[in-house]
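So you can see what is in the structure, the chains are spelled out below.
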Amino acid sequence: MEEQEYIIILYDYYGELFTDKQKKYFEDYYFDNLSLSEIALNDNVSRNAIHKGIKSVVNKLYEYEDKLKMYEKDQKIKKIIDTVSDKQVKKELEELL
C-alpha cells in the first residue's frame, strides 16, 4: 500500500482527534491537492507553519495507530469475517464494522 493512501486511511480512523485547523490543513493538502504555498496563502500563514502542521498530524496518525491499532484490528476482523460461511452471521458482523 502506498504511504499516502495509508495516511489517509489512518486519518479516517483518527481524524476527529485533531483540531479544526489541523484537519483543514491536512484535508487541503491530501484531499484537495493544494500545495503548501496555496494553503499558506489561503490561510494567511507561513508555508513553514503549514508544513509543520501537516507533519505533526501525520506523525500523530502513526503514533495513534502504533498505540491503538484500530486499522490493524479492523483488517484482522475483516479477514475473520471472510471465513464465516453463515450469511446472516457474516452480514451482522459486517454491520458492526
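Residues numbered from 1 in each chain as written. Predicted model: local features only at pLDDT ≥ 70, side-chain atom pairs only at ≥ 80, totals over all residues. Heavy atoms only, no water.

A. Region of interest: the overall build of the protein. Broken down by element type, the protein carries 6 helices and 0 strands. Reading the protein from its N end, one meets helices and strands in the order α-α-α-α-α-α. For 97 residues, the compact-globule formula gives about 13 Å, and the C-alpha radius of gyration of the protein, at 17 Å, lies well above that figure. Reported as C-alpha extents along the three principal axes, the dimensions of the protein are approximately 55 × 25 × 25 Å. Taken over 97 residues, the protein has a buried fraction of 27%. (Helix = DSSP H or I, 4+ residues; strand = E, 2+ residues; numbered from the N terminus. Rg over C-alpha atoms; globule rule 2.2 N^0.38 Å. Buried < 20%, exposed > 50% of the residue type's maximum accessible area, 1.4 Å probe, protein only.)

B. How the structure looks around the confidence of the model for the protein. Looking at the protein as a whole, its pLDDT mean stands at 94, while 100% of the residues score no less than 70. By mean pLDDT, helix 6 (residues 87–96) is the weakest element of the protein at 83, and helix 4 (residues 47–68) is the strongest at 98. (pLDDT = per-residue confidence, 0-100.)

C. Looking closely at the nonpolar core. Within the largest apolar cluster, 19 residues are counted, with the highest numbers of intra-cluster contacts made by F26, I50, I54 and L61. For this core, the elements supplying multiple residues, two or more each, are helix 1 (3–14), helix 2 (20–30), helix 3 (36–43) and helix 4. If you tally residues by element for this core, the top one is helix 4, at 6 residues. When near neighbours in sequence (up to four residues on either side) are disregarded, L61 contacts I7, L10, Y11, Y14, F18 and F26. (Core = buried A, V, L, I, M, F, W, Y, C linked by side-chain atoms within 4.5 Å. Contact = heavy atoms within 4.5 Å.)

D. Highlighting the packing of aromatic side chains. What the rule picks out here adds up to 11 aromatic pairs. Measuring from centroid to centroid gives 6.0 Å for Y6 and Y62, while their planes differ by 35°, and the two rings are tilted. With Y6 in helix 1 and Y62 in helix 4, this residue pair connects regions lying 56 residues apart in the sequence. We classify Y6 as partly exposed; its relative accessible area is 23%. When the centroid spacing of 6.2 Å and the interplanar angle of 45° are considered together, the rings of Y13 and Y14 count as tilted. Of the residues examined, Y14 reaches a relative accessible area of 1% and is grouped as buried. (Phe/Tyr/Trp six-rings, centres within 6.5 Å; stacked < 30°, edge-to-face > 60°.)

E. Focus on helix 1. The terminal C-alpha atoms of helix 1, which comprises 12 residues, lie 16 Å apart, in line with the 16 Å expected from a rise of 1.5 Å per residue. Within the sequence span of helix 1, burial applies to I7, I9, L10, Y11 and Y14. In this fold, the buried residues of helix 1 make contact with helix 2, helix 4 and helix 5 (70–83). (Expected span 1.5 Å × (residues − 1).)

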